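Report on the structure
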Amino acid sequence: MSRIVLESLTKTYPGAPRPAVRGFDLDLPAGTLTTLVGPSGCGKSTVLRLIAGLAEPDAGRILIGGQPMAGIPPERRGAVLMGQDHRLFPHMSVAENVGFGLRMRGVDPAVIRSKVADMLDLVQLPGLESRRPSELSGGQAQRVALARALVVEPAVLLLDEPLSDLDPELRLDMRDLIRRAQHQTGITTLFVTHDREEAVAVADRTAVMLAGELARHGRPADVFERPLTRAVALFMGATNVLDGRFDGRSVTTSIGTLTLAAPPPPEATAVVIRPERIRLSAGSGTSGVNTFACSIKSLEYRGTHVVATVAAATDMLVVAVPAEAAAGHGVGDPVAVHLPPEALQPVSG
Ligand code: ADP
Ligand code: MG
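Treat the numbers as computed from the prediction; the structure is a model and nothing was measured. (Residues numbered from 1 in each chain as written. Chains lettered and ligands numbered in written order. Predicted model: local features only at pLDDT ≥ 70, side-chain atom pairs only at ≥ 80, totals over all residues. Heavy atoms only, no water.)

1. Focus on the environment of Asp 315
This is how it is decided: Strands are runs of DSSP state E lasting at least 2 residues, helices are runs of H or I lasting at least 4, and numbering of each runs from the N terminus. For every residue, the accessible area obtained with a 1.4 Å probe (protein chains only) is divided by the maximum for its type, and the residue is called buried under 20%, exposed over 50%, and partly exposed between those limits. Throughout, a contact is declared for two residues whenever any of their heavy atoms are within 4.5 Å. Within 3.5 Å is the distance limit for a polar contact, defined as a pair of N or O atoms, with the added protein rule that one can donate a hydrogen and the other accept it, and that residues adjacent in sequence qualify only through two side-chain atoms.
Positionally, Asp 315 belongs in strand S19 (residues 315-322). Given a relative accessible area of 27%, Asp 315 falls into the partly exposed group. Considering only alpha carbons, one finds Asp 315 and Cys 294, 21 residues apart in sequence, at a separation of 9.8 Å. Residues contacting Asp 315, with those up to four places away along its chain left out, are Leu 242, Ser 254, Ile 255 and Val 310. A polar side-chain atom of Asp 315 sits 2.5 Å from a polar atom in the side chain of Ser 254.

This is the structure:
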């Protein structure tokens, strides 16, 4: 278990117009699982490569277990990096693949056998020791790769979008497995994903990265519910952003004056609300706080829910309605939307 501290990391690739990572600070407490989420190209893999020692920062510091990593080669950092391309050795059995790192360290064969068996139990693949990688499903191969990474008891586990090649059901299983394995081993883990739901589902902490910089870091529910800035809100799927003039607990927006649950911070410039937090009701009754008459412009069926776009005054709102509740609504119908004060989040930027 090691704490990892990243201090003002900056990295510009040769010839690139701007840094891939800029002034990046992150503190990963020992034994925790942090997800790093952001759109493609925002610099997530570069952060992992810097921690692993596969690239050197232009500025800033990396501390693993309190020790500065400048000049320390990858194999002496105690960090293992596992990507979506897990590359098992094709000519070796599962047991030989998992035990590889221990053999390289000259560990006694009997100890290797027992550790490999423990690891295969942990990733729920007992009894597959003698299989070849070509005889494994994609999900099984991924589990073997995880076992191979964990068996050497690294101080740090770096996972670079490990689930992105798996189909949705396997993703969920593998995600839970990673969470359990991390919990049991206590290895400090940084898990990179571009999927915001994955990011908030498995983590102790979630860090949002946008355009090379750390945009938000905190408990997953806080990051999801209280994005604080417009950019993080949009990335996390808040969708509805209403610019406003704030006055105490009320804010005047294009759809009307809204009441907030708490006084906004002075830097707030807009309020955001997630589609699933807006309530839609039939008819045009608008009694009650934050309730407005509007009309349905479009309805899009998404299986578990229906996405309704509604026109409210001069603006549009996107509302996610449970499928059964949407059945009574049609395009053009007059409806009322209710924006609960506690679901409205002030943001800056
Ligand atoms: P992410 O993992 O979030 O998709 P990356 O860290 O891979 O982002 O990339 C960040 C930026 O750095 C991108 O603009 C990418 O094109 C660039 N980049 C990544 N690796 C290299 C490299 N080896 N050489 C030059 N540019 C790179
Ligand atoms: Mg990447």
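Okay, back to it.
2. Digging into a negative patch on the surface
Here is the rule: Exposure above 30% relative accessible area and no salt bridge define the residues that can form patches, which grow by joining like charges within 9 Å and nonpolar side chains of Val, Leu, Ile, Met, Phe, Trp and Tyr within 5 Å. Note on areas: these come from Shrake-Rupley sampling with a 1.4 Å probe, and a residue is covered only by the protein chains present in the view. We define a salt bridge as a contact between a side-chain nitrogen of Lys or Arg and a carboxyl oxygen of Asp or Glu at a distance within 4 Å. His is not counted, nor are the chain ends; Lys and Arg add positive charge and Asp and Glu add negative charge. Every charge is mapped onto a representative atom, which is NZ of Lys, CZ of Arg, CG of Asp or CD of Glu.
Together, Asp 167, Glu 169, Asp 173 and Asp 176 make up a negatively charged patch on the protein surface. Its location among the elements puts Asp 167 in the loop between strand S7 (156-160) and helix H5 (168-185).

3. So, the side chain of Lys 11
Looking at the element boundaries, Lys 11 is found in strand S1 (residues 4-11). Although buried, Lys 11 forms no salt bridge, and the nearest oppositely charged side chain, Asp 58, lies 4.3 Å from it. A distance of 3.1 Å separates the side chain of Lys 11 from the backbone oxygen of Glu 56, its partner in a polar contact. Excluding anything up to four places from it in sequence, Lys 11 contacts Pro 19, Ala 20, Val 21, Thr 46, Leu 50, Ala 55, Glu 56, Pro 57 and Asp 58.

4. Observations concerning the layout of surface pockets
As a reminder, the rule being used: Here a cavity denotes a set of grid points, spaced 1 Å apart and computed over the protein atoms alone, in which a 1.4 Å probe fits but from which it cannot get out, and a pocket denotes an open set meeting protein on both sides within 12 Å along at least five of seven lines; residues with an atom within 4 Å of a point are reported as lining. Grid points are joined across faces, edges and corners, and a volume is the space filled by probe spheres set on the points.
Taken as a whole, the largest pocket spans an internal volume of roughly 740 Å³. Around the largest pocket, the lining is made up of 23 residues, and of these Ala 79, Val 80, Leu 81, Arg 148 and Ala 149 lie nearest the centre. At the level of secondary structure, the elements contributing two or more residues to the lining of the largest pocket comprise strand S6 (79-83), helix H2 (94-104) and helix H4 (138-150). Element by element, the count of residues in the lining of the largest pocket is highest for S6, at five residues.

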